[in-house]
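# Observations on the model geometry
Listed below are the residues making up each chain.
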Amino acid sequence: MEPTKSDQPHKNMSRRNFLKASGAALVLLAGGGLYRAVDQGVFSTARGPAYVPWNVDVAFEPDLAEKDPVKLVQYAILAANAHNTQPWLFRVQDNRIDLFADLSRNIGAMDPFYREMNISLGCAIENLCLAAKAFGYEPKVQLHEGEFDRIKVADITLSDRIPEVSPLVRMMTKRHTHRGAYDTKQPIPEQLLRDMSLLSRDNPNADLVWHADDQSKKHVGALIIQATEAIIQDSVQAHDSHRWYRHTREDIHRFKDGTTLDATGNPAFIRALGKLLPISEASSNDYWLSMTKDTHIPTAAAFGSIVVSARSRTQLLEAGRLWQRVHLWATSKGLALHPLNQANERQDREQQLGLEPLFGSALQRLAGRGEHVFLFRIGYAREQAIPSPRRAAEEVQLQ
């Protein structure tokens, strides 16, 4: 039987290039490259200071847990966020936690209107609230409207309540973005998609829309590929995306943020090769486009959209809360999720530059009613996802 693309050794690398890379790696190792392999973390995947925050305890014992609002930040920082920028700052008081946007972590031309930053902050709010209930707090969230001139995003007031440990809390350390291949032979039952849609029932301003039939998947996939190509052709946008990539082990543990080779979802051998070879912005873009065409789109079991009634800051925060809830719930069912927001990023860029709204119009048609703010793929992963780096709770707290 002929191997499919997803069965080949590298989903975006020709057989000739794969053999060249393998040979180069062997030469590197034979010529003293073993030291470089150790130095680059080839043998220490997802270990070290940048990964310590994932070891937080989720086996809550409500009767034994010491109530301390500082602990809630340890769970908030494990939230999903765009490009792993972790754009949050917290100020913890006895009965309140204030959340601020760290504007220095904006993705520039990839997120000129802070859509992705606000969604990321909403994810952190959801994690914090779930953890608060597990520790015996009743969180009351007040979201703040505002644009670039207001960096305070939310106040979370904490009062006492009976501890409630949601199953979603126990998924916080297991939830990771999965950028690898999904199992094309394992479709998602329609009932699971319907059940996931119910997660938005408490939020009147954010909703889930599924694109699960073959025609819809083909249309959405083509849109994502076109948007990826457009980003790569936009030198400013491409650069602003690439600057969050952390290639060296030193940078990973220094910055404790950004995207990494380990989080690409590729097999261990391919990741090891990548760590031994230099990665330029151009080669990174080629890799991204190839993965999008050959892995992300064809192996998606379905695509999902988050739609809001109006694109305000508070509704983007609510969209983030919904995304985090969906991702945690899906993780509990063995499902993998992966944001694919290239079309939204091009929509924002079109608006920033005053261009014809090609992607904006396409997303509007995709959303139907309301405004489209988030796009992702879903499926059953072949391999377990690897955690991304995280800054520790004490590194993101204001005094």
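Before reading on, note that the structure itself is shown above.
To keep things clear, this report deals only with the structure shown in the data block. (Residues numbered from 1 in each chain as written. Predicted model: local features only at pLDDT ≥ 70, side-chain atom pairs only at ≥ 80, totals over all residues. Heavy atoms only, no water.)

### Observations concerning helix H10 (residues 313-332)
- Compared with an ideal rise of 1.5 Å per residue, which puts 20 residues at 28 Å, H10 spans 29 Å between its outermost C-alpha atoms and is within 8% of the ideal.
- Most of H10 sits inside the fold, with 19 of its 20 residues counted as buried.
- Phi turns positive, to about 80 degrees, at Gly334, one or two residues after H10. (Helix = DSSP H or I, 4+ residues; strand = E, 2+ residues; numbered from the N terminus. Expected span 1.5 Å × (residues − 1). Buried < 20%, exposed > 50% of the residue type's maximum accessible area, 1.4 Å probe, protein only.)

### Quick word on the sheet that holds strand E9 (residues 336-339)
- Strand order in the open sheet formed by four strands is E5-E8-E10-E9, and the pairing between neighbours is antiparallel. This sheet does not close on itself; its edge strands, each paired only once, are strand E5 (206-211) and E9. Neighbour to neighbour, the strand axes of the sheet diverge by 30 degrees on average, direction disregarded.
- As paired strands, E9 and strand E10 (residues 371-379) are joined by four bridges and run antiparallel to one another. Its bridge partner lying in E10, Pro339 is registered against Phe376. (Pairing = 2+ DSSP bridges. Axes fitted to C-alpha atoms, helices over the stretch in contact; angles between N-to-C directions.)

### Details of the environment of Leu289
- Positionally, Leu289 belongs in helix H9 (residues 281-296).
- Residue classification places Leu289 among the buried positions, given a relative accessible area of 18%.
- Taking C-alpha positions, Leu289 is 9.7 Å from Gln226, a pair spaced 63 residues apart along the chain.
- The contacts of Leu289, once residues within four sequence positions are left out, are Ile225, Thr228, Glu229 and Ile232. (Contact = heavy atoms within 4.5 Å.)

### Here we look at helix H6 (residues 235-242)
- Every buried residue belonging to H6 is among Gln237, Ala238, Asp240, Ser241 and His242, and all of these are buried.
- Where the residues of H6 are buried, they touch helix H5 (214-233), strand E6 (245-246), H9 and helix H11 (342-353).

### Re empty space enclosed by the protein
- Counted by the stated rule, this structure contains two cavities of 30 Å³ or more.
- Around the second largest cavity, the lining residues are Ala82, Thr85, Pro87, Arg105, Asn106, Ile107, Asp111, Glu116, Met117 and Ser120.
- In the lining of the second largest cavity, the residues fall into four nonpolar, three polar and three charged. (1 Å grid on protein atoms, 1.4 Å probe; cavity = no way out; pocket = protein on both sides within 12 Å on 5 of 7 lines; lining within 4 Å. Points joined across faces, edges and corners; volume = space filled by probe spheres on them. Nonpolar A, V, L, I, M, F, W, Y, C, P; charged D, E, K, R; others polar.)

### Considerations on the sheet that holds strand E2 (residues 96-101)
- Here we have four strands laid out as an open sheet, ordered E1-E2-E4-E3, and antiparallel in their pairing. For this open sheet the edge positions go to strand E1 (88-92) and strand E3 (137-143), each flanked by a neighbour on one side alone. Direction aside, neighbouring strands of the sheet carry axes that sit 20 degrees apart on average.
- Pairing geometry for E2 and strand E4 (residues 152-160), over five bridges, is antiparallel. Bridge pairing in E4 links Phe100 to Lys152.
- Its contacts with the sheet place helix H3 (residues 115-134) against E1, E2, E3 and E4, and it is angled at close to 160 degrees to E3.
- Sitting on the sheet, H10 touches E3 and E4, and the angle it makes with E3 is about 145 degrees.

### As for unusual backbone geometry
- Positive phi is not limited to glycine here, since His83 has a value of about 55 degrees.
- Inspection of the secondary structure puts His83 in the loop between helix H2 (70-76) and E1.
- Unlike most non-glycine residues, Gln86 shows phi in positive territory, near 50 degrees.
- Overall, the relative accessible area of 0% leaves Gln86 in the buried class.

### What about the packing of H11 against helix H12 (residues 358-367)?
- Running from N to C, H11 and H12 point in directions that differ by 130 degrees, and their axes come no closer than 7 Å. Judged by the inter-axis angle, H11 sits oblique to H12. Here H11 and H12 pass one another in a crossing that is left-handed. Together, Ala343, Asn344, Arg346, Gln347 and Glu350 of H11 and Leu358, Phe359, Gly360 and Leu363 of H12 make up the contact between the two elements.
- Of the residues contributing to the contact of H11 with H12, the split by class is four nonpolar, three polar and two charged. (Parallel < 35°, antiparallel > 145°, perpendicular 65-115°, else oblique. Left-handed = near helix turned anticlockwise from the far one by under 90°.)

### A look at the nonpolar core
- If you look at the biggest cluster of nonpolar residues, it comprises 69 residues, and the most contacted ones within it are Leu72, Trp88, Phe90, Met196, Leu335 and Ile378.
- Counting residues per element, this core draws most heavily on H3, which supplies 12 residues.
- Sequence-distant contacts of Leu335, that is, excluding residues within four places in its chain, are made with Ile188, Leu192, Met196, Ala330, Ile378, Gly379 and Tyr380.
- One finds Val220, Leu223, Ile225 and Ala343 within the second-largest nonpolar core, a separate group that totals 16 residues. (Core = buried A, V, L, I, M, F, W, Y, C linked by side-chain atoms within 4.5 Å.)

### Focus: the side chain of Asp240
- The topology assignment puts Asp240 in helix H6.
- Polar contacts involving the side chain of Asp240 include one to the main-chain amide nitrogen of Ala109, which spans 2.8 Å. (Polar contact = N/O pair within 3.5 Å; in protein donor to acceptor, adjacent residues only side chain to side chain.)

### Side note on the pairing of strand E8 (residues 302-308)
- E8 sits mainly inside the fold: seven of its seven residues count as buried.
- The alternating pattern of E8 places Ala302, Gly304, Ile306 and Val308 and Phe303, Ser305 and Val307 on opposite faces, both of which are buried.
- The pairing of E5 with E8 spans six bridges and is classified as antiparallel. Within E8, the residue paired with Trp210 across the bridge is Gly304.
- Alignment of E8 against E10, held across seven bridges, turns out to be antiparallel. Along E10, the bridge assignment pairs Val308 with Glu371.

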